[in-house]
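What follows is each chain in one-letter form.
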Amino acid sequence: MNQKTAVVTGANRGIGFEIARQLGALKWEVLLTARNAIKGSNAASELRKLGYDVDFLELDVANEVSISDFIRKLGDTAPEVDVLINNAGVYLDGNQQAHRVDFDIVHDTMQVNFYGPWQLIIGILPFLRKSSDPRIINISSGMGALNEMGGGYPAYRVSKTALNSLTKMLASELSSIKISTMCPGWVRTDMGGSGATRSVEKGAETAIWLATGHDISSGKFYRDKKVIKW
């Protein structure tokens, strides 16, 4: 069986690092990305010490030039990609509310959580199309689900709602690629905080299932390996 290859963004820590670790343990080739070259290199080195096939490529999803450079370097590293996991994200809202929001925060959040993943997907499509079972997994949040929508945290919520919409559009347009979005839940990471209810292992669980499972439906929103409402 040919070795599978995954690109995981924002994987120097937290859920992204755990996804990379678990895929490495499953004998996948993992291309770990991060915007900070030192932190990304150290994370990849840590996983290689465990015997995993993990390499680092620098990528700042908020920067179009960085995305273009990454795609070019990817061509020298991996002839094809089986799974893209858009994990990189920011949570900048603090005490923001939709009726009195700082639009610089909205812009910066959308750039990382939505525009960057969208641009990266388009750039990586030629690599995915070479795979026999290509998949895209967008790490979203229940905070972006219209069914669960509430007040507060407007930039983050809107960015994840937009990412969910992109998942639906692409799944409709690209029938040969399984495209999913998922909510990891409230996870104990730098973003989620120490009071969160879930471990990083639990937070990564659905992403691993979406990357490796045999009966995955495209164009769906998942939590705990089950479809949830948009």
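Data block above holds the structure.
The paragraphs below set out a description of the structure included in this document.

Cut-offs and rules
- Residues numbered from 1 in each chain as written.
- Predicted model: local features only at pLDDT ≥ 70, side-chain atom pairs only at ≥ 80, totals over all residues.
- Heavy atoms only, no water.
- Patch = residues over 30% accessible without salt bridge, like charges linked within 9 Å, V, L, I, M, F, W, Y side chains within 5 Å.
- Areas by Shrake-Rupley, 256 points an atom, 1.4 Å probe, with all protein chains shown as cover.
- Salt bridge = Lys/Arg side-chain N within 4 Å of Asp/Glu carboxyl O.
- Helix = DSSP H or I, 4+ residues; strand = E, 2+ residues; numbered from the N terminus.
- 1 Å grid on protein atoms, 1.4 Å probe; cavity = no way out; pocket = protein on both sides within 12 Å on 5 of 7 lines; lining within 4 Å.
- Points joined across faces, edges and corners; volume = space filled by probe spheres on them.
- Nonpolar A, V, L, I, M, F, W, Y, C, P; charged D, E, K, R; others polar.
- Axes fitted to C-alpha atoms, helices over the stretch in contact; angles between N-to-C directions.
- Parallel < 35°, antiparallel > 145°, perpendicular 65-115°, else oblique.
- Left-handed = near helix turned anticlockwise from the far one by under 90°.
- Contact = heavy atoms within 4.5 Å.
- Buried < 20%, exposed > 50% of the residue type's maximum accessible area, 1.4 Å probe, protein only.
- Pairing = 2+ DSSP bridges.
- Phe/Tyr/Trp six-rings, centres within 6.5 Å; stacked < 30°, edge-to-face > 60°.

**Let's talk about a nonpolar patch on the surface**
Then, number 1: Together, Tyr91, Tyr153 and Met191 make up a nonpolar patch on the protein surface, roughly 260 Å² of accessible area in all.
Then, number 2: Along the chain, Met191 turns up in the loop between β6 (178-182) and α6 (200-212).

**Quick notes on the layout of surface pockets**
Then, number 1: Approximately 950 Å³ is the volume attributed to the largest pocket.
Then, number 2: Of all the secondary-structure elements, those providing two or more residues to the lining of the largest pocket are α1 (14-25) and α5 (154-173).
Then, number 3: Sorting elements by how many residues they give to the lining of the largest pocket places α1 first, with three residues.
Then, number 4: Taken together, the residues of the lining of the largest pocket break down into 18 nonpolar, 13 polar and six charged.

**Section: the packing of α1 against α6**
Then, number 1: One way to put it is that α1 packs onto α6 with a least axis distance of 9 Å and a crossing angle of 55°. Considering their axes alone, α1 and α6 lie oblique with respect to each other. Seen from above, α1 lies across α6 with right-handed handedness. In this structure, α1 uses Gly14, Ile15, Glu18, Ile19, Arg21, Gln22 and Leu23 to contact α6, whose residues at the interface are Val200, Glu201, Gly203, Ala204, Ala207, Ile208, Ala211 and Thr212.
Then, number 2: Among the residues making up the contact of α1 with α6, the classes are represented as eight nonpolar, four polar and three charged.

**Brief notes about the pairing of strand β5 (residues 135-139)**
Then, number 1: Where burial is concerned, most of β5 is hidden: five out of the five residues are buried.
Then, number 2: Side chains Arg135, Ile137 and Ile139 of β5 all project onto a buried face; the interleaved residues Ile136 and Asn138 project onto the opposite face, where all are buried too.
Then, number 3: Sheet analysis places strand β4 (residues 83-86) next to β5, joined by four bridges and oriented parallel. For Asn86, the partnering residue across the bridge sits in β5 and is Asn138.

**Details of the packing of aromatic side chains**
Then, number 1: In total, this model carries six aromatic pairs according to the counting rule given.
Then, number 2: Here the aromatic rings of Tyr91 and Tyr156 are separated by 4.9 Å at their centres, their planes lie at 90°, and the arrangement is edge-to-face. Residue Tyr91 is located in the loop between β4 and α4 (103-128), and its partner Tyr156 is located in helix α5; the two are separated by 65 residues in the primary sequence.
Then, number 3: Their ring planes at 25° and their centres at 5.3 Å tell us that Phe221 and Trp230 sit as a pair that is stacked.
Then, number 4: For Phe221, a relative accessible area of 0% translates into the label buried.
Then, number 5: On the accessibility criterion, Trp230 (27% relative accessible area) is partly exposed.
Then, number 6: Taken together, the ring pairs connect Tyr91, Tyr153 and Tyr156 into an aromatic cluster.

**Observations regarding the packing of helix α3 (residues 64-77) against α4**
Then, number 1: Contact geometry of α3 with α4 gives a least axis separation of 10 Å together with a crossing angle of 20°. Taken together, the axis directions place α3 and α4 in an arrangement best described as roughly parallel. For the element pair α3 and α4, the recorded crossing hand is right-handed. For the pair formed by α3 and α4, the contact residues are Glu64, Ile67, Phe70, Ile71, Leu74 and Gly75 on the first element and Gly116, Gln119, Leu120, Gly123, Ile124 and Phe127 on the second.
Then, number 2: Taken together, the residues that form the contact of α3 with α4 break down as seven nonpolar, four polar and one charged.

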